[in-house]
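Report on the structure
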Amino acid sequence: MKILVIGYSQTGQLDRVVDSIIAPLEKIHEVDRVYLRPSSEFLFPWNFWTFFDTMPECVAEIPIDLEPVDVTSAGEYDVAILAYQPWFLSPSLPVMSFVKSVAGRRLLDGLPVIEVIGCRNMWTVAQDRMRSLLQGAGARVIDTVVLCDQSGTFESFITTPRWMLTGRKEGLGLSPAGISEENIRNSVRFGEAIAVAEPPFDASILQSLHPFDYDADLAHAERIGRRVFEFWSGCIRRCGKPGAWRRRPAVALFVASLFTSITVVLPIRLTIVHGIRGVRGLLKRG
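Here goes a summary of the coordinates provided.

Procedures and definitions
Residues numbered from 1 in each chain as written. Predicted model: local features only at pLDDT ≥ 70, side-chain atom pairs only at ≥ 80, totals over all residues. Heavy atoms only, no water. Helix = DSSP H or I, 4+ residues; strand = E, 2+ residues; numbered from the N terminus. Buried < 20%, exposed > 50% of the residue type's maximum accessible area, 1.4 Å probe, protein only. Areas by Shrake-Rupley, 256 points an atom, 1.4 Å probe, with all protein chains shown as cover. Salt bridge = Lys/Arg side-chain N within 4 Å of Asp/Glu carboxyl O. Axes fitted to C-alpha atoms, helices over the stretch in contact; angles between N-to-C directions. Parallel < 35°, antiparallel > 145°, perpendicular 65-115°, else oblique. Contact = heavy atoms within 4.5 Å. Nonpolar A, V, L, I, M, F, W, Y, C, P; charged D, E, K, R; others polar. Pairing = 2+ DSSP bridges. Core = buried A, V, L, I, M, F, W, Y, C linked by side-chain atoms within 4.5 Å. 1 Å grid on protein atoms, 1.4 Å probe; cavity = no way out; pocket = protein on both sides within 12 Å on 5 of 7 lines; lining within 4 Å. Points joined across faces, edges and corners; volume = space filled by probe spheres on them. Left-handed = near helix turned anticlockwise from the far one by under 90°.

Digging into the overall build of the protein chain
- Secondary structure summary: the protein chain contains 11 helices and 7 strands in total.
- When burial is assessed residue by residue, the protein chain has 49% of its 286 residues classed as buried.
- When the accessible surface of the protein chain is split by element, carbon and sulfur atoms take 55% of a total near 14100 Å².

A few points about the pattern of salt bridges
- All told, the structure shown has 10 salt bridges when counted by the stated rule.
- One salt bridge connects Asp 19 with Arg 33, and the closest N-O pair in it is separated by 2.5 Å. One end of the pair, Asp 19, is in helix 1 (residues 13–28); the other, Arg 33, is in strand 2 (residues 30–35), and 14 residues separate them in sequence.
- A relative accessible area of 23% places Arg 33 in the partly exposed class.
- With its nearest N and O atoms 2.8 Å apart, the salt bridge here joins Asp 53 to Arg 247. Here Asp 53 is found in helix 2 (residues 48–53), whereas its partner Arg 247 is found in the loop between helix 10 (216–237) and helix 11 (248–285), with 194 residues between them in sequence.
- Among the residues examined, Arg 247 registers a relative accessible area of 0% and is labelled buried.
- One network of salt bridges, in which partners are shared, links Lys 2, Glu 30 and Glu 76.

Quick notes on the packing of helix 6 (residues 124–136) against helix 10
- Two elements in contact, helix 6 and helix 10, have axes whose closest approach is 8 Å; the angle formed by their N-to-C orientations is 70°. Relative to helix 10, the element helix 6 is oriented roughly perpendicular. Contacts from Thr 124, Val 125 and Arg 129 in helix 6 reach Ala 219, Glu 222, Arg 223 and Arg 226 in helix 10.
- Residues of the contact of helix 6 with helix 10, tallied by class, amount to 2 nonpolar, 1 polar and 4 charged.

Some words on the sheet that holds strand 3 (residues 79–84)
- The strand order across the open sheet built from 5 strands is 2-1-3-6-7, with neighbouring strands paired in parallel fashion. Of all strands in the sheet, those bounded by a partner on one side alone are strand 2 and strand 7 (140–148). Between one strand axis and the next, the sheet turns by 15° as a mean value, whatever way the strands run.
- Pairing analysis gives 5 bridges linking strand 3 to strand 6 (residues 112–119), with the strands arranged parallel. Its bridge partner being in strand 6, Tyr 84 is matched across the sheet by Ile 117.

A short note on the nonpolar core
- Membership of the largest hydrophobic core comes to 54 residues, with the highest contact counts inside it found for Leu 4, Leu 82, Val 99, Leu 108 and Leu 134.
- With 6 residues, helix 10 is the largest single contributor of residues to this core.
- Among all residues touching Leu 134, those that are not within four sequence positions of it are Leu 82, Val 99, Leu 108, Val 113, Glu 115, Ala 139 and Val 141.
- Core analysis: the second largest hydrophobic core is formed by 27 residues, Val 17, Ile 81, Ile 114 and Ile 142 among them.

Concerning empty space enclosed by the protein
- For the structure on display, the rule yields 1 cavity of 30 Å³ or more.
- For the lining of the largest cavity, the secondary-structure elements that each account for two or more residues are strand 1 (2–7), helix 1 and strand 2.

Overview of the layout of surface pockets
- Of the volumes computed, that of the second largest pocket is approximately 410 Å³.
- Phe 42, Asp 53, Thr 54, Pro 242 and Gly 243 are, among the 20 residues lining the second largest pocket, the residues nearest its centre.
- Residue assignment for the lining of the second largest pocket shows that the elements contributing at least two residues are helix 2 and helix 11.
- Broken down by element, the lining of the second largest pocket gets its largest block of residues, 3 residues, from helix 2.
- Split into classes, the residues belonging to the lining of the second largest pocket amount to 10 nonpolar, 5 polar and 5 charged.

Focus on the side chain of Thr 160
- By the element assignment, Thr 160 lies in helix 7 (residues 153–166).
- With a relative accessible area of 13%, Thr 160 lands in the buried category.
- Not counting the four nearest positions on each side in its chain, Thr 160 is found in contact with Arg 120, Asp 149 and Ala 177.

Notes on the packing of helix 4 (residues 93–100) against helix 6
- Where helix 4 contacts helix 6, the axes come no closer than 9 Å and their chain directions differ by 25°. Considered as vectors, helix 4 and helix 6 are oriented roughly parallel to each other. Here the hand of the crossing between helix 4 and helix 6 comes out left-handed. Here Val 95, Met 96, Val 99 and Lys 100 of helix 4 lie close against helix 6, whose contacting residues are Met 130, Leu 133 and Leu 134.

None of this, on its own, says anything about what the molecule does.
Given below as structure tokens:
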């Protein structure tokens, strides 16, 4: 087979996941790997203001400029592997921009796509958006692999922002941020399954491996969060272009709103939802 692998990893973690998945493929198939590079790179760790000021354009799916992609074999691939992270419940700007670009559409048109998502734990809304973008590019998603951070939902509200803004994954007596080393190593099983599959790929290759876990409560919270992000995205973009000082008051209000939602509103809502489900369960058993 001829396999196209595309991705963007700011911290390097997702690149390591992809390394693990494609290791079995590179032994027996031809693999072309594309590392997406923004023309203006997103530095890691993030600067506080740059991090939150990136949200409006990301949620609005406004493409950024990328360095030219050095792949010329459009129409010759059997399958594509597309690796990305959710940023603010949206596909990351570099990968979204590539899928929307002329080069991206040319390469992806007609291809079956296997998504590889590395995330904190919320990914379903970003995946819905990416699926729509891929359909617009003429591609079709046949599988989605999702690897989530090893820390729990509420722990990761602390550990993930700390990692993004300081570069430190461990400390504070909490579980380390990011995907566990064991999960990264074990993702090789997806590559082993792809390696022995035979094109054309009209259906899932990885379904029997349970490539993701779906949490209905988190998915519901994501949909609410997406609407909130869309509201703030519009407000902030009306204040100017990315980096403009006059956007900062609106960005600050967004951060305050986000902090309140995470620390107060979301826990109360999840507690109520779990309570209602518990009562319903008791009534059914009664």
